[in-house]
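# Examining the three-dimensional arrangement
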Amino acid sequence: QDMFRLLEEQLDVAKTGGVSLLERVILVIREVINDYALEYQRKISEESHSLEILCAVGNNCLRTCELVSHLSKTIDALLSQGQVSQLDLSSRFQNVAKQAGEKCGQAVFMDPGFGKLFSLLCDGDEWREGVATGSVLATLDDFLSDFRVWLDDYLLNILATSMLIEC
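The residue count restarts for each chain, going from 1 along the sequence in the order it is written. For this predicted model, a pLDDT threshold of at least 70 governs which residues receive local features, and a threshold of 80 or more governs which side-chain atom pairs are given and counted, while totals over whole chains, interfaces and linings are taken from all residues. Water and hydrogen atoms play no part in the side-chain values, which are based on all heavy atoms of the structure.

### Considerations on the overall build of the chain
This is how the line gets drawn: Helix and strand assignments come from DSSP, with helices taken as H or I runs of at least 4 residues and strands as E runs of at least 2, each series counted from the N terminus. Our radius of gyration looks at C-alpha atoms and nothing else; its globule reference is 2.2 Å times the residue count to the power 0.38. Using a 1.4 Å probe on the protein chains alone, a residue whose accessible area is under 20% of its type maximum counts as buried, one over 50% counts as exposed, and one in between counts as partly exposed. A positive count includes Lys and Arg, and a negative count includes Asp and Glu. His and the chain ends are not counted in either. All charge positions are set by atom: Lys at NZ, Arg at CZ, Asp at CG, Glu at CD.
Along its length, the chain carries eight helices and zero strands. Compactness check: the chain gives a C-alpha radius of gyration of 22 Å against a globular reference of 15 Å for 167 residues, more than 25% above the reference. Dimensions of the chain, computed from C-alpha atoms along their principal axes, come out at roughly 75 × 25 × 25 Å. Going through the 167 residues of the chain one by one, you find that 33% of them count as buried. The averaged location of the 26 negative side-chain charges in the chain is 6 Å from the averaged location of its 14 positive side-chain charges.

### A closer look at the environment of Gly115
Mapped onto the secondary structure, Gly115 falls in helix α5 (residues 112–119). According to the relative accessible area criterion, Gly115 is partly exposed, its value standing at 27%. Along the backbone, Gly115 and Val136 are 21 residues apart, and their C-alpha atoms lie at a distance of 9.6 Å.

### What about the packing of helix α1 (residues 2–15) against helix α2 (residues 19–46)?
Axes are the key here: two packed helices are described by the angle between their axes and the distance separating the axes. For the record, the criterion: Helix axes use the C-alpha atoms of the stretch in contact, all axes being lines fitted to C-alpha atoms, and the angles between their N-to-C directions lie in the range 0 to 180 degrees. Comment on the angle field: the value is read as roughly parallel under 35 degrees, roughly antiparallel over 145, roughly perpendicular from 65 to 115, and oblique elsewhere. Note on convention: near helix rotated counterclockwise from far helix by under a right angle means a left-handed crossing. Clockwise means right-handed. Throughout, a contact is declared for two residues whenever any of their heavy atoms are within 4.5 Å. Ten residue types, Ala, Val, Leu, Ile, Met, Phe, Trp, Tyr, Cys and Pro, are classed as nonpolar, four, Asp, Glu, Lys and Arg, as charged, and the remainder, Gly among them, as polar.
Taken N-terminus to C-terminus, the directions of α1 and α2 make an angle of 165°; their axes are 9 Å apart at the nearest point. The orientation of α1 with respect to α2, classified from their angle, is roughly antiparallel. Crossing of α1 over α2 shows right-handed handedness. Facing α1, whose interface residues are Met3, Phe4, Leu7, Gln10, Leu11, Ala14 and Lys15, α2 presents Leu21, Leu22, Val25, Ile26, Ile29, Val32, Ile33 and Tyr36. Partitioned by chemical class, the residues of the contact of α1 with α2 number 13 nonpolar, one polar and one charged.

### Regarding the side chain of Ser162
Rules: Think of a polar contact as two N or O atoms within 3.5 Å of one another; within protein, one of them needs to be a possible hydrogen donor and the other a possible acceptor, and neighboring residues in sequence only count if both atoms come from side chains.
Positionally, Ser162 belongs in helix α8 (residues 153–166). Within the local environment of Ser162, its side chain forms a polar contact with the backbone oxygen of Glu102, the two atoms lying 3.0 Å apart. Setting aside residues no more than four positions away along its own chain, Ser162 makes contact with Glu102, Gly105 and Gln106.

### Details of a negative patch on the surface
Here is the rule we go by: Surface patches are defined over residues having more than 30% relative accessible area and no salt bridge, joining like charges when they lie within 9 Å and nonpolar side chains (Val, Leu, Ile, Met, Phe, Trp, Tyr) when within 5 Å. All accessibility values rest on the Shrake-Rupley procedure with a 1.4 Å probe; residue burial counts only the protein chains present in the view. A pair is scored as a salt bridge if a Lys or Arg side-chain nitrogen falls within 4 Å of a carboxyl oxygen belonging to Asp or Glu.
On the surface, Glu52, Asp141, Asp142 and Asp146 cluster together into a negatively charged patch. Ranked by the residues each element gives to the negative patch, the list is headed by helix α7 (residues 131–150), at three residues.

### Regarding the pattern of salt bridges
A complete count under the given rule lists five salt bridges for this structure. As a salt-bridge pair, Asp12 and Lys15 come within 3.6 Å of each other at their nearest N and O atoms. Here the residue Asp12 and the residue Lys15 both occupy positions in helix α1, the gap between them amounting to three residues, near one helical turn.

So this is what it looks like as structure tokens:
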């Protein structure tokens, strides 16, 4: 939020310098936001993160979509008619948020304890007696209870779909 506030302040300064300066500042803003999205993309795809961090990244990216959209509208209002800011990078942030939700679902199934529990569904007395199924469902419910608190509803749906696919 601070970064977007600062970018809007730069726009306010640039508009007093004329159209040429305003256009150059808009190009720089586009580059800054693009680099910001690329860094999120790189971090989420290259590194292993805790579930809490993945949730925070997903939620932050969704919030950033709103901030980019607001900034884009501000820029469009400053430009003369016929010019478009071409600042719409919100879909990139939405894709990173979606990836974060999917990675959360995959991480649940990569958890060693849950993996061992889930393997009991394949064979054994626990499976035949229904104990394994009950334990798996209870564990999934525990994970989902945490995710309901940690994730935006949009990402919760993505996570649930990812978990279903993994299952």
